[in-house]
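Remarks on the overall topology
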Amino acid sequence: MQPVETGSNATSTMARTPQRIGVPRECFPGEKRVATVPEVVAKLVKLGFSVAVESGAGDGASFSDDTYRAEGAVIVPNAAELWATSDIVFKVRPPSADEVALVRPGMTLIGFIWPAQHPELMAQLAAAKATVLAIDALPRTLSRAQKMDALTSMAGVSGYRAVVEAANAFGRFFNGQITAAGKVPPAKVFIAGAGVAGLAAIGTAASLGAIVRANDTRAEVADQVVSLGGEFVKVDFEEEGSGGGGYAKVMSEGFQKAQREMYAQQAREVDIIITTALIPGKPAPKLITAEMVQSMKPGSVIVDMAAEQGGNCELTEPGQAVVKHGVTIVGYTDLASRLARQSSTLYGTNLFRLSEELCKTKDGVINVNMEDDAIRGLTVIKDGDITWPAPPLKQAAPPAAKPAAAPVAEKKGGHGHGSSAPLPAQTLTILFAVAAVAFWFVGTYAPAAFLGHFTVFVLACFIGNMVVWNVTPALHTPLMSVTNAISSIIAIGALVQIAPPEAGLSGRPDGLIFWLAFAATVLTAVNMFGGFAVTRRMLAMFRK
């Protein structure tokens, strides 16, 4: 650390002094993740920070000290030296009692804290006069905060790993097969909770060939379940289940009773149940009773992703995989840690994005701006003062109400007509009469070739309206690019106009007509190739 200067230039000197980010080895039993990875170290250095990593911190995630050193990190031999020489500390798990003793006044700690579950830890960190940013307190409803959302990153990894653990404990294939030895039916998987972890589990199980069903108290996730290859199982009870911040809420007793009946039916039918239901600040709700477990087929599997908060199954033993009533109940609390390399990479990237927000000047000095909604939500302790929970996010002012439209004056006949009302019969008769006279005049005096072109023009307008204008708005982006390309057949007409005389066509025109035809050819060619290029990119988004 650099010495602190005194006097009038102290503030400016400190502003130019890069801060050191320290990454200790996680001391929680069995934790293999690390708070940053070598490729992220290089990005942090470009932001102006110096980075120190405790020796062996990345071993559990297969990142050696040499890989960190190659990207510009300093390897520190022990935790005490790392905490003593770091201004900012990145962690995964909340600090242990030994680590809290190493926290110094003015230090910034960033990681998972879970302030609602750890009031004693909050008091200890506040007494140490530290600034603490809890990555789990990020306001997830802010769209710009998604890049820092470590909860989502870890939940996605955990959902994937839950299916892997289920497949490991299950005694059959996930996908159905017909072999010379007989027919193998596909496994049936039920996912309780379709949040980030649940959706990751749905996609993974469906990709393995299982029949996947899912349920969630939030009705709006039904389309997401179907899009991933699952079937949404609805509870026969109408109640909205969306809570604050994108989470589910506690449901009424009537809903819970109907939900238990649905779960009991699914337990009798499926082979694998994966539960993900959690409500912030509350114990995990009990969804799978002992009676439901007894009703499951022998060899079935339950993966309880809420085991760390008590579990969604009554028979779950946190941290253990046990067999009860012939059913394997997996209650591991370290699913993300079981994919340590992947989860560490995602988590390290989330912290790097947070560092970008904290250090917009790229001079290696963070600024905990309490006026920033995202940073304010993350900051649970500021210079020893507990600032959690954060105040509600400021709601955008509703748009000003438009003045009421003046009532439409009634017609003389006493029948009011809006702007979209049909024209009176007398007016329509006059318009048709004028159009008929115009067509007669054109047909009598216009050249014969004009009539053919005019007929094609009218038909093209009609077909274009039916093909393009009547398309569902949701399909405009992919479909309009194709229809625009098809409509570019007009390029043929332009090419005919500029064809050389020896081609046997009308001959090359002079002046304005030639240049108009040339411009039409260029513009329609751009439209044609651009339309197909956009379509190819849209379709590529849905290919694996």
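Keep in mind that this is a model prediction, so the values were computed, not measured.

Right, let's get into the overall build of the protein. Tallying secondary structure elements over the protein gives 18 helices and 17 strands in all. Evaluated residue by residue, the protein yields a buried proportion of 40% over its 544 residues. The long-range share in the protein, meaning contacts at least 24 apart out of those at least 6 apart in sequence, stands at 61%. Total accessible area on the protein is roughly 29,900 Å²; 61% of this is exposed by carbon and sulfur atoms.

With that out of the way, let us pick up the packing of helix α7 (residues 150-169) against helix α12 (residues 340-358). Contact geometry for α7 and α12: axes closest at 9 Å, N-to-C directions at 170°. With respect to their mutual orientation, α7 and α12 come out roughly antiparallel. In this structure, α7 uses Ala 150, Ser 153, Met 154 and Val 157 to contact α12, whose residues at the interface are Gln 342, Ser 343, Leu 346, Tyr 347 and Asn 350. Its residues assigned to classes, the contact of α7 with α12 comprises five nonpolar, four polar and no charged.

Strand order in the open sheet formed by eight strands is β3-β2-β1-β4-β5-β6-β16-β17, and the pairing between neighbours is mixed. Looking at strand neighbours, the two that pair on one side only are β3 (74-76) and β17 (385-386), the edges of this open sheet. Sheet topology note: the strand β1 (residues 20-23)/strand β4 (residues 88-90) ladder contains two bridges and is parallel. Within β4, the residue paired with Ile 21 across the bridge is Ile 88. Sheet contacts for helix α6 (residues 119-127): β5 (108-111), β6 (131-134), β16 (379-382) and β17; angle to β16, the most-contacted strand, approximately 35°.

Another aspect to go through is the nonpolar core. What tends to happen in soluble globular proteins is that the nonpolar side chains get buried as a cluster. Grouped together as the largest cluster of nonpolar side chains are 46 residues, with contacts concentrated most on Phe 90, Tyr 347 and Leu 354. For this core, the elements supplying multiple residues, two or more each, are β1, α2 (38-46), β2 (50-54), β4, α7, α12 and α13 (373-378). Counting residues per element, this core draws most heavily on α12, at six residues. When residues no more than four places from it in sequence are discounted, the contact partners of Phe 90 are Ile 21, Gly 22, Val 23, Pro 24, Ala 35, Leu 44, Ile 110, Leu 351 and Ser 355. Counting 30 residues, the second-largest nonpolar core is a separate cluster that includes Phe 170, Val 212, Val 225 and Ile 274.

Let us look at the packing of α7 against helix α8 (residues 196-207). Geometry of a packed helix pair, given as the angle between the helix axes and the separation of the axes. Close contact between α7 and α8 brings their axes to 7 Å; oriented N to C, the two are set at 40°. Classified by the interaxial angle, the pair formed by α7 and α8 is oblique. The crossing of α7 and α8 is right-handed. For the pair α7 and α8, contact is made by Thr 152, Ala 155, Gly 156, Gly 159, Tyr 160 and Val 163 and by Val 196, Ala 197, Ala 200, Ala 201, Thr 204 and Ala 205, respectively. Residue composition of the contact of α7 with α8, by class: eight nonpolar, four polar and no charged.

Mapping Leu 523 onto the fold places it in helix α18 (residues 512-540). Through-space distance from the C-alpha of Leu 523 to that of Ala 491 is 8.7 Å; in sequence the pair is 32 residues apart.

The subject of this paragraph is the pattern of salt bridges. Taken as a whole and assessed by the stated rule, the structure comprises 22 salt bridges. Connected through shared salt-bridge partners, Arg 144, Lys 147, Glu 357, Lys 360 and Asp 372 make up one network.

Moving on, we get to a nonpolar patch on the surface. A surface patch of nonpolar side chains, amounting to about 420 Å² of accessible area, comprises Trp 515, Phe 518, Val 522 and Val 526. Looking at where Val 522 falls in the secondary structure, it is placed in helix α18.

What follows concerns the sheet that holds strand β10 (residues 211-215). What the seven strands build is an open sheet, ordered β11-β10-β9-β12-β13-β15-β14; its pairing is mixed. The open sheet terminates on both sides in strands that have one partner only, identified here as β11 (231-232) and β14 (321-324). Across four bridges, the pairing between β14 and strand β15 (residues 327-330) is antiparallel. Following the sheet pairing, Val 323 is matched in β15 by Thr 328.

With that settled, consider the confidence of the model for the protein. Mean pLDDT over the protein works out to 85, with 81% of the residues at or above the 70 mark. When the criterion is pLDDT under 50, residues 1-15 qualifies, and its contacts beyond four places in sequence or with other chains add up to 11 contacts. Every residue in residues 408-420 is under pLDDT 50, and counting partners more than four places away or in other chains gives four contacts.

Quick look at unusual backbone geometry now. The omega torsion of the bond from Trp 388 to Pro 389 falls at 0°, within 30 degrees of zero and hence cis. Within the secondary structure, Pro 389 is located in the loop between β17 and α14 (425-445). A positive phi angle is found at Trp 114, which is not glycine, with a value near 55°. Examined against the element boundaries, Trp 114 turns out to sit in the loop between β5 and α6. On the basis of relative accessibility, which here comes to 33%, the residue Trp 114 falls in the partly exposed class. A positive phi angle, close to 55°, is found at Lys 362, a residue other than glycine. For Lys 362, the position within the fold is in the loop between α12 and α13.

With that settled, the discussion passes to the pairing of strand β9 (residues 188-192). Counting buried residues in β9 gives four out of five residues, a clear majority hidden from the surface. For the crossover that starts at β9, traverses α8 and ends in the parallel β10, the hand is right-handed. Across four bridges, the pairing between β9 and strand β12 (residues 272-275) is parallel. Paired with Val 189 across the strands is Ile 272, a residue of β12.

Another point: α18. Between its terminal C-alpha atoms α18 stretches 42 Å, which fits the 42 Å expected from 29 residues at 1.5 Å a residue. For α18, the complete set of buried residues consists of Phe 514, Ala 517, Thr 521, Thr 524, Gly 531 and Thr 535.

Here we come to the pairing of β6. Side chains on a regular strand alternate between the two faces of the sheet. Side chains Thr 131 and Leu 133 of β6 all project onto a buried face; the interleaved residues Val 132 and Ala 134 project onto the opposite face, where all are buried too. In this sheet, β6 lies alongside β5 in parallel orientation, the contact comprising four bridges. Across the sheet, Thr 108 pairs through a bridge with Thr 131, a residue of β6. On the question of chirality, the crossover connecting β5 to the parallel β6 by way of α6 is right-handed. Bridge count for β6 against β16 is two bridges, and the pairing is antiparallel. Its bridge partner lying in β16, Val 132 is registered against Ile 381.

Before going further, it helps to spend a moment on α8. Taking 1.5 Å per residue, 12 residues should reach 16 Å; α8 reaches 17 Å between its end C-alpha atoms and fits that length. All of the buried residues along α8 are Ala 197, Gly 198, Leu 199, Ala 201, Ile 202, Thr 204 and Ala 205. At the exit of α8 stands Gly 209, carrying a positive phi of roughly 100°.

Rules of the game
Residues numbered from 1 in each chain as written. Predicted model: local features only at pLDDT ≥ 70, side-chain atom pairs only at ≥ 80, totals over all residues. Heavy atoms only, no water. Helix = DSSP H or I, 4+ residues; strand = E, 2+ residues; numbered from the N terminus. Buried < 20%, exposed > 50% of the residue type's maximum accessible area, 1.4 Å probe, protein only. Contact = heavy atoms within 4.5 Å. Areas by Shrake-Rupley, 256 points an atom, 1.4 Å probe, with all protein chains shown as cover. Axes fitted to C-alpha atoms, helices over the stretch in contact; angles between N-to-C directions. Parallel < 35°, antiparallel > 145°, perpendicular 65-115°, else oblique. Nonpolar A, V, L, I, M, F, W, Y, C, P; charged D, E, K, R; others polar. Pairing = 2+ DSSP bridges. Core = buried A, V, L, I, M, F, W, Y, C linked by side-chain atoms within 4.5 Å. Left-handed = near helix turned anticlockwise from the far one by under 90°. Salt bridge = Lys/Arg side-chain N within 4 Å of Asp/Glu carboxyl O. Patch = residues over 30% accessible without salt bridge, like charges linked within 9 Å, V, L, I, M, F, W, Y side chains within 5 Å. pLDDT = per-residue confidence, 0-100. Right-handed = clockwise from strand over helix to strand, strands pointing away. Expected span 1.5 Å × (residues − 1).

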